[in-house]
Amino acid sequence: YYTYGEGQNPDDVAAPTADSDKYAAPLSFQKDGYLKVLAVSKKDGAETASTIKIGIKNQLPSAIRTPDVHITDDTCVDATTGFAGDPYNFDKNCKGGAISIAGTTYDRGLGTNANGYFVYNVPQNAKRLVGVVGIDDVVKENVNDGNKASGNCIIYIDGKEVWSSVVFLPDEYIYFDVAVPAGSKQVKIA
């Protein structure tokens, strides 16, 4: 049995019961969300519940919002790469080249390595924060262990987590489109 809900909070998805939808065929998801599963043993009726975060990878929505302002147009308040060997960059990857994720090159963006983050003041009247996150293709230059790279992204607005991705690997990307509440002061992308 299962229940599914879109969004970033698993508490917003009801726990499945024996009256919930029953798994009968592969499931398809169009947006990030949470899948809650209830497995019931045929042998003794024992129940096991699980919550699984669903993140849509390598799929852009049919209508992509185009930014009016790019975050790299503004002054960064705070940033770190989390790794001493590579600097963070604006509109470049952490090695200084063009940002490229899953074969697509981006003119604008943020480049970091390891546990990097960027903090920006929210532009006046901002309504949404949109973008694509993934492992830069430069990782493929590391033939020894570049294929082991993985990451995730968390977005905070005024210190509150408002979006987080599932773990992504090389050649995977995740599109995000986050509402920015009126009056917000700072956004942190980690």
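Everything discussed here concerns the structure shown above.
Draft legend 1. The sheet that holds strand 11 (residues 154-157), seen in detail. Ordered by their spatial adjacency, five strands build an open sheet running 4-9-14-11-12, and the pairing between neighbours is antiparallel. Each having just a single partner strand, strand 4 (76-80) and strand 12 (160-164) make up the two edges of the open sheet. Taken over all neighbouring pairs, the strand axes of this sheet differ in orientation by 15° on average, direction set aside. Judged from the four bridges that link them, strand 4 and strand 9 (residues 117-121) form a sheet pairing that is antiparallel.

Draft legend 2. Looking closely at the pattern of salt bridges. By the definition in use, this model includes five salt bridges. For the salt bridge of Asp137 with Lys140, the shortest nitrogen-to-oxygen distance reads 3.7 Å. Looking at Asp137, the relative accessible area reads 15%, which means it is buried. Bridged by salt links that share partners, the residues Asp137, Lys140 and Asp171 form one connected network.

Draft legend 3. Region of interest: the sheet that holds strand 1 (residues 2-6). Taken in spatial order, the three strands line up as 1-2-3 in an open sheet, and their pairing is antiparallel. Because the sheet does not close on itself, it has two edges, and the strands there are strand 1 and strand 3 (47-54). Here the strands of the sheet are splayed against their neighbours by 15° on average, with no regard to which way each runs. Two elements, strand 1 and strand 2 (residues 33-40), share five bridges in a ladder whose sense is antiparallel. In the sheet register, Glu6 faces strand 2, and the bridge partner there is Gly33.

Draft legend 4. Representation of the nonpolar core. Among the nonpolar cores identified, the biggest contains 22 residues, and Leu129, Val133, Cys153, Ile155, Trp163, Phe176 and Val187 are the most heavily contacted of them. Secondary-structure elements contributing two or more residues to this core are strand 4, strand 9, strand 10 (128-134), strand 11, strand 13 (173-179) and strand 14 (186-189). Looking at which element gives the most residues to this core, the answer is strand 13, with three residues. In this structure, Ile155 is in contact with Leu129, Lys160, Glu161, Val162, Trp163, Phe176, Val178, Val187 and Lys188, ignoring residues within four places of it in sequence.

Draft legend 5. Broad picture of the side chain of Thr81. Relative to the elements of secondary structure, Thr81 occurs in the loop between strand 4 and strand 5 (89-90). Separated by 3.2 Å, the side chain of Thr81 and the backbone nitrogen of Asn113 make a polar contact. Once residues within four sequence positions are removed from consideration, Thr81 is found in contact with Asp86, Pro87, Tyr88, Thr112, Asn113, Ala114, Asn115 and Gly116.

Reading the values: rules and limits
Residues numbered from 1 in each chain as written. Predicted model: local features only at pLDDT ≥ 70, side-chain atom pairs only at ≥ 80, totals over all residues. Heavy atoms only, no water. Pairing = 2+ DSSP bridges. Helix = DSSP H or I, 4+ residues; strand = E, 2+ residues; numbered from the N terminus. Axes fitted to C-alpha atoms, helices over the stretch in contact; angles between N-to-C directions. Salt bridge = Lys/Arg side-chain N within 4 Å of Asp/Glu carboxyl O. Buried < 20%, exposed > 50% of the residue type's maximum accessible area, 1.4 Å probe, protein only. Core = buried A, V, L, I, M, F, W, Y, C linked by side-chain atoms within 4.5 Å. Contact = heavy atoms within 4.5 Å. Polar contact = N/O pair within 3.5 Å; in protein donor to acceptor, adjacent residues only side chain to side chain.

This is a description of form; function is not addressed.
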